[in-house]
Amino acid sequence: MTTLFEPTKAGDLELANRIVMAPLTRNRSPNAIPPDIAQTYYAQRASAGLLITEATAISHQGQGYADVPGLYGTEQLDSWKKVTQAVHEAGGKIVVQLWHVGRVSHNELQPNGGKPVAPSAITAKTKTVLIRDGKAVFVDTSAPRALDLEELPGIVHTYQAAARNAVETAGFDGVEIHGANGYLLDQFLRSDSNKRTDDYGGSIKNRARLLLEVTRAVTDAIGGGRTGIRLSPVTPSNDAHDADPQPLFEYVVKHLATLNLAYIHIIEGMTGGPREIADRPFDYAALKQAYRTAGGKGAWMVNNGYNKALAEKAVADGADLVAFGVPFLANPDLPARLKAGAELNAPDKSTFYGGGAKGYTDYPTLA
Ligand code: 8OZ
């Protein structure tokens, strides 16, 4: 029987085990530059089969929260390079999560104080984080403007350039496209946030077009075998809602199947919340089947609320990889602890977002 602790492959990525560190936003990157201490944080967790970085903005326009990192400036790339070196020296593999927040932003975070961009000019009923007087404060997102049709090739190109820089300049093993949690690509997918009347709105085919164009452009630049994508079919995060997610996401994975991706990363249920949402049922087995039937060979990565028993069952039932978020944040040696059946450190929620070493690099490993 396959276990969590066996090596596997995800596209071109050779992984020491099936345990993945999920992307975790930490808001410790002033001026969008990862701090030196991020080298320690990620290297401490290098025993994961794969590390996925915190969501990382592909452009200034793609940024939506204070002190999140970017991947578009020289200093940002130089700093990430030190992170990837530290992880590789520790024997790990690391991909960067490519992020454009779309409408989940604030004027203060945008170039020249402009409006955030979105498929349609509909404000998300959600909050973002600004720093005021050195303190993180939650504020409503600003009203967005709809992207012009002529701007969309530039968005695709920006993802592609970020992927190329990630691999060629910053030394990442690959990238994960953030297609989840109510950010730009997810906003295009969903019927509630996308009211466009051009080729990028209306039908499922049209709403999925931008995500598929972005993914194709990224795979053209760095190869499908180094490209993963994260999707969250039913999460309500950031005001995400679709009238009929099952056919939408089955369409998406069927078309992703042709791109020879390293992996498909699925958030089951509400991101960081319950795995089942009463009024948003979803058949994940059918989603995976749709991908495999269409010829998709990438690793199938599952996420949300997993513990050892659930993860072992998922792998026995055919998942290839299991991503752990908060447990990995609080347990740098999570694979060893899971293997030993050891107690886990409790996470300190007050240090999740913002701050320094406390709650970041000071969680103890097993003796
Ligand atoms: C928590 C806080 C801010 C952003 C996501 C990138 O949900 C995030 C995020 C999570 O994907």
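What counts, and where the lines are drawn
Residues numbered from 1 in each chain as written. Predicted model: local features only at pLDDT ≥ 70, side-chain atom pairs only at ≥ 80, totals over all residues. Heavy atoms only, no water. Pairing = 2+ DSSP bridges. Helix = DSSP H or I, 4+ residues; strand = E, 2+ residues; numbered from the N terminus. Axes fitted to C-alpha atoms, helices over the stretch in contact; angles between N-to-C directions. Contact = heavy atoms within 4.5 Å. Left-handed = near helix turned anticlockwise from the far one by under 90°. Salt bridge = Lys/Arg side-chain N within 4 Å of Asp/Glu carboxyl O. Buried < 20%, exposed > 50% of the residue type's maximum accessible area, 1.4 Å probe, protein only. Near = heavy atom within 4 Å. Polar contact = N/O pair within 3.5 Å; in protein donor to acceptor, adjacent residues only side chain to side chain. Areas by Shrake-Rupley, 256 points an atom, 1.4 Å probe, with all protein chains shown as cover. Nonpolar A, V, L, I, M, F, W, Y, C, P; charged D, E, K, R; others polar.

Draft legend 1. Region of the structure containing the sheet that holds strand β14 (residues 321-324). An order of β3-β4-β5-β10-β11-β12-β13-β14 is seen for the eight strands of this closed barrel, with the pairing classed as parallel. Ignoring strand direction, the axes of neighbouring strands in this sheet form an average angle of 25°. The pairing of strand β3 (residues 19-21) with strand β4 (residues 50-57) spans two bridges and is parallel. Residue Met21 lies in a different strand from β4, and its bridge partner there is Leu51. Taken strand by strand, helix α5 (residues 204-222) contacts β5 (94-99), β10 (174-178) and β11 (227-231), and its axis lies near 160° from that of β11.

Draft legend 2. Highlighting the packing of α5 against helix α6 (residues 245-256). Across the interface, α5 lies against α6 with an axial gap of 10 Å and an inter-helix angle of 35°. By crossing handedness, the relation of α5 to α6 is classed as right-handed. Contacts from Ile204, Lys205, Arg207, Ala208, Leu211, Leu212 and Thr215 in α5 reach Pro247, Leu248, Tyr251, Val252, His255 and Leu256 in α6.

Draft legend 3. Geometry of the pattern of salt bridges. Taken as a whole, this structure holds 12 salt bridges when the rule is applied. Salt-bridge contacts for Arg275 lead to Glu268; the nearest nitrogen and oxygen are separated by 2.8 Å. With its nearest N and O atoms 3.7 Å apart, the salt bridge here joins Asp348 to Lys358. Placement of the pair is Asp348 in the segment after α10 (334-340) and Lys358 in the segment after α10, with a sequence separation of 10 residues. According to the relative accessible area criterion, Asp348 is partly exposed, its value standing at 27%. According to the relative accessible area criterion, Lys358 is exposed, its value standing at 54%.

Draft legend 4. Region of interest: the site of the ligand. Around the ligand sit Thr25, Ala55, Tyr65, Trp99, His178, Asn181, Tyr183 and Tyr353, and that is every residue in its neighbourhood. At a separation of 2.7 Å, an oxygen atom of the ligand approaches a polar side-chain atom of His178. One of the side-chain N or O atoms of Asn181 is found 2.8 Å from an oxygen atom in the ligand. For the ligand, the protein covers 78% of the area, taking 300 Å² as the surface of the free molecule. Taken together, the residues of the shell around the ligand sort by class into five nonpolar, three polar and no charged.

Draft legend 5. Representation of the pairing of strand β8 (residues 135-140) in the model. Both strand β7 (residues 127-132) and β8 contribute to a ladder of six bridges, which runs antiparallel. If you follow Ile131 over to β8, its bridge partner there is Ala136. Counted along the chain from β7 to the antiparallel partner β8, the turn is two residues long, and its residue Asp133 has a positive phi close to 50°.

Draft legend 6. Summary view of unusual backbone geometry. Even without being glycine, Asp239 reaches a positive phi, approximately 70°. With respect to the helices, strands and loops of the structure, Asp239 is situated in the loop between β11 and α6. Taking relative accessible area as the criterion, Asp239 reaches 24% and is therefore assigned partly exposed. At Asn304, a residue that is not glycine, the phi angle is positive and equals roughly 115°. For Asn304, the position within the fold is in the loop between β13 (299-303) and α8 (308-316).

Draft legend 7. Summary view of the environment of Val101. Looking at the element boundaries, Val101 is found in the loop between β5 and β6 (117-118). Note: C-alpha distance between Val101 and Pro116 (15 residues apart in sequence) is 8.6 Å. In this structure, Val101 is in contact with Gly62, Gln63, Gly64, Tyr65, Tyr183, Leu184 and Gln187, ignoring residues within four places of it in sequence.

Any functional reading would require information beyond the geometric quantities listed.
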